[in-house]
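A structural walkthrough
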Amino acid sequence: MHTLEAQVQSLCKRSPLGLLFDIDGVLSPIAPTPAEAYLHPAVRPLLEEARKWAHIAIVTGRAIESGAAMVNVEGLTYIGAHGLEWSDGLPTQHTVQVVSEALPFVEPGNRLMERAESALADQPGILFERKRIGGAIHYRLSPDPEQARERILSALKDLVEESGLRLSEGKRMFEIRPALAINKGKALTWFVERFAVQGALFAGDDRTDIDAMLALKPLRTQGIETLAVAVQHHDTLPELLEQADIVVQEVDGMAELLRTIVELLSRQA
Ligand SMILES: O=P(O)(O)OC[C@H]1O[C@H](O[C@H]2O[C@H](CO)[C@@H](O)[C@H](O)[C@H]2O)[C@H](O)[C@@H](O)[C@@H]1O
């Protein structure tokens, strides 16, 4: 069994190196609402250092503009909406590319969010987060989260099926997404190919991050060294932990791991 340190050391020797991070629950502690979430204070300076030696991607379920505004480091690849939106650098300074297959879902996604807002208008503690395509329906602030979850599911099930979109689930929220085979796994594979990286680390904490962890596995057969990092919280899914090579505790643990990576890379340089 390799120690965490040995695994990280071995990965950091690979060049080019790719480091890919989810945001919420990984670089940013979970907050009551999306707008209240902020980057862990140690993370920004560490990413600014790490980008000197590695290709870095921020792979988030948030709309790209929202995720990038939180991280706010130039020179990284920003990938939003689970792989649908891309930007080479901060979207305030670079063009956002939207995956072309997703464009026909813009209007249906808007309509579905409108219908969801009407259908759930009387449900307390629900927050609607609009995105370019579809959006998220949060129930973290609901007085009875389990009741709210069931109510959202039953209100949306038929609407979603009729619309050609799909529902996915995250922490205390549902997401309306295009019914396309584009996810964080696809995004990770594209990023690895694009920069021809020989080592790739992905860190995630939630259900949609499992796609990215699974996408690391076939890379190993191509000789690419990979590391799947699970950031564990009280509510972490066992399915995510099963796919992880290493587990760190909470966002503090992630920040510590990032510090270790930066120290290793700077020593090598
Ligand atoms: O892929 P991620 O970067 O982890 O994004 C996943 C979703 O994160 C956000 O929601 C989650 O974090 C919020 C702030 O901490 C929290 O209030 C909410 O309960 C969580 O589900 C974001 O708002 C979503 O758009 C992302 O899809």
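Residues numbered from 1 in each chain as written. Predicted model: local features only at pLDDT ≥ 70, side-chain atom pairs only at ≥ 80, totals over all residues.

**Digging into the sheet that holds strand S7 (residues 135-138)**
For the record, the criterion: At least two bridges found by DSSP between two strands are what make those strands a pair. In this text, helices come from DSSP runs of H or I with a minimum length of four residues, and strands from runs of E with a minimum of two, each type numbered from the N-terminal end. Only the contacting stretch of a helix is used when fitting its axis, a line to C-alpha atoms as for every element, and angles between N-to-C directions run 0 to 180 degrees. Any two residues are considered in contact once their C-beta atoms, placed from the backbone, lie within 7 Å.
Strand order across the open sheet formed by four strands is S6-S7-S9-S8, with antiparallel pairing between neighbours. On the outer flanks of this sheet lie strand S6 (127-130) and strand S8 (165-170), each paired with one strand and no other. Going from strand to strand, the sheet's axes swing by 20 degrees on average, the running direction of each strand aside. With respect to the sheet, helix H5 (residues 145-163) is in contact with S7, S8 and strand S9 (173-178), its orientation differing from that of S8 by roughly 145 degrees.

**Considerations on the packing of helix H6 (residues 184-195) against helix H7 (residues 209-221)**
Put simply, the test is: Roughly parallel here means an angle under 35 degrees, roughly antiparallel means over 145, roughly perpendicular means 65 to 115, and every remaining angle is called oblique. Crossing handedness follows the turn of the near helix against the far one: under a right angle anticlockwise gives a left-handed crossing, and clockwise gives a right-handed one.
Orientation of H6 relative to H7, taken along the N-to-C sense of each, is 40 degrees, at an axis distance of 7 Å. On the basis of the axis angle, H6 is oblique to H7. In the packing of H6 onto H7, the handedness of the crossing is right-handed. Counting all contacts with H6, which are made through Lys184, Gly185, Leu188, Thr189 and Val192, the residues of H7 involved are Asp209, Asp211, Ala212, Leu214, Ala215 and Leu219.

**A closer look at the nonpolar core**
Under the convention used in this document: The nonpolar core is taken to be a set of buried Ala, Val, Leu, Ile, Met, Phe, Trp, Tyr and Cys residues joined by way of C-beta atoms within 7 Å. Burial is judged by counting other C-beta atoms within 10 Å of a residue's own C-beta: 20 or more means buried, 12 or fewer means exposed, and anything between counts as partly exposed, with every C-beta placed from the backbone. What counts as a domain boundary in this text is fixed by an automatic or database domain assignment.
Residues Leu20, Phe202 and Val229 are the most contacted members of the largest nonpolar core, which totals 76 residues. Here this core spans two domains, and each of domain 1 (4-99 + 182-268) and domain 2 (101-178) adds at least three residues to it.

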